[in-house]
Amino acid sequence: AATLHAAEVRKRYPGEPPLLALDGISLDVKPGEFVSILGPSGCGKSTFLRCIAGLEPISSGSLQADGRPISGPPDHVGMVFQRDALLEWRSIARNILLPVEFAGKPVAQYRQALRELLALTGLSDFADRYPKQLSGGMRQRAAICRALIDQPSLLLMDEPFGALDALTRDQMNAELQRIWMKTRNTVVFVTHGIAEAVFLADRVVVFSPRPGRIAEIIEIDLPRP
Ligand code: ADP
Ligand code: ADP
């Protein structure tokens, strides 16, 4: 599990006038910690996550994973987005194995990991199905499997259940918690849902409506199953 260190991170998008999407974010995340980033739409949550993922360069400040500056996608990051981006013409199993293929690693060595993840997420019977044949919740479970297949030390999630109905979202949150209790990755989870932020996290980082600033950091001390 990775450590994250952000100090006075600023992110400016060019424009007239330029937009300061992150305005001095400082945050340390411990290995294996589950942190939620909570705040209204437009407050900079996704921007911060994309910077952590190495998909966006920061404008100033310092952003490190395991003590090394993040520049470009770091090795051991798994990401889940609101829309699952599964490839419709690939089976669920082959979707989950996509990052392994992209990394040029031997897929055959991931059979066991694939079996375990499918079992963990209740998708064992769906490995050979195609995304179209799955419900929204099941598709997001497949997206989670894909993010976890190469054992990332850092799992980044951007409103992963935001497009699901309320009941499915509650089920998925419970399931994500169960998965995380097993994998214990460091997790940064972006949401504008207070309930899921509190349910899942060790700490909730509240971004202020004035974009790009932390309003408050709340320690959550709820009993876990
Ligand atoms: P959130 O995830 O909290 O909804 P975002 O990080 O998506 O917030 O956006 C923060 C601010 O930055 C918003 O005002 C948004 O319009 C702006 N923004 C996001 N991405 C870009 C971009 N690629 N170029 C310019 N402005 C952007
Ligand atoms: P964001 O801008 O928050 O990073 P998107 O760009 O995916 O996320 O969101 C597009 C629009 O959909 C935004 O106006 C946002 O408020 C809305 N939205 C996203 N997730 C949800 C949700 N779970 N419930 C209601 N509205 C949502």
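Computed from a prediction, not measured in an experiment: that's the story for all the values here.

Residue position: G72 is located in the loop between β5 (68-69) and β6 (77-80). Among the residues examined, G72 registers a relative accessible area of 29% and is labelled partly exposed. In this structure, the C-alpha to C-alpha distance between G72 and C51, residues 21 residues apart in sequence, is 9.0 Å.

For the coordinates displayed, the defined rule picks out 4 aromatic pairs. Between the aromatic rings of F34 and W180, the centroid separation amounts to 5.5 Å while the plane-to-plane angle is 85 degrees, which identifies the pairing as edge-to-face. Separated by 146 residues along the polypeptide, F34 in strand β3 (residues 34-38) and W180 in helix α6 (residues 166-183) bring together distant segments of the chain. Note on accessibility: F34 and W180 belong to one class, buried.

Once that is clear, we can look at the site of ligand 1. With respect to spatial proximity, the complete set of residues near ligand 1 consists of Y13, L19, A21, P40, S41, G42, C43, G44, K45, S46, T47 and R50. Within the backbone of G42, an N or O atom sits 2.7 Å from an oxygen atom of ligand 1. T47 is positioned with one of its side-chain polar atoms (N or O) 2.6 Å from an oxygen atom of ligand 1. Relative to its unbound accessible surface of 560 Å², ligand 1 loses 61% to contact with the protein. Of all elements in the fold, only β2 (19-29) and α1 (45-52) reach the threshold of two or more residues within the shell around ligand 1. No other element matches the 4 residues that α1 contributes to the shell around ligand 1. Split into classes, the residues belonging to the shell around ligand 1 amount to 5 nonpolar, 5 polar and 2 charged.

This brings us to the site of ligand 2. In the neighbourhood of ligand 2, the contacting residues comprise S41, S46, Q82, R83, E159, G162 and H192. Residue G162 places a main-chain N or O atom 2.9 Å away from a nitrogen atom belonging to ligand 2. For ligand 2, the protein covers 46% of the area, taking 540 Å² as the surface of the free molecule. Its residues assigned to classes, the shell around ligand 2 shows no nonpolar, 5 polar and 2 charged.

Quick look at the pairing of strand β7 (residues 154-158) now. A regular strand places its side chains so that they alternate between the two faces of the sheet. Counted residue by residue, β7 has 5 buried out of 5 residues, so it is predominantly covered. Of the two faces of β7, the one lined by L154, L156 and D158 and the one lined by L155 and M157 are each fully buried. Note that β6 and β7 share 4 bridges and pair parallel. Note that in β7 the partner of G78 across the bridge is L155. Considered for its hand, the β-α-β crossover made up of β7, α6 and strand β8 (residues 186-191) is right-handed.

A word on the side chain of T191. Here T191 is to be found in strand β8. Since its relative accessible area comes to 0%, T191 is described here as buried. The contact partners of T191, leaving out residues within four places of it in the chain, are I37, L38, G39, K45, E159, E196 and A197.

What counts, and where the lines are drawn
- Residues numbered from 1 in each chain as written.
- Chains lettered and ligands numbered in written order.
- Predicted model: local features only at pLDDT ≥ 70, side-chain atom pairs only at ≥ 80, totals over all residues.
- Heavy atoms only, no water.
- Helix = DSSP H or I, 4+ residues; strand = E, 2+ residues; numbered from the N terminus.
- Buried < 20%, exposed > 50% of the residue type's maximum accessible area, 1.4 Å probe, protein only.
- Phe/Tyr/Trp six-rings, centres within 6.5 Å; stacked < 30°, edge-to-face > 60°.
- Near = heavy atom within 4 Å.
- Polar contact = N/O pair within 3.5 Å; in protein donor to acceptor, adjacent residues only side chain to side chain.
- Areas by Shrake-Rupley, 256 points an atom, 1.4 Å probe, with all protein chains shown as cover.
- Nonpolar A, V, L, I, M, F, W, Y, C, P; charged D, E, K, R; others polar.
- Pairing = 2+ DSSP bridges.
- Right-handed = clockwise from strand over helix to strand, strands pointing away.
- Contact = heavy atoms within 4.5 Å.

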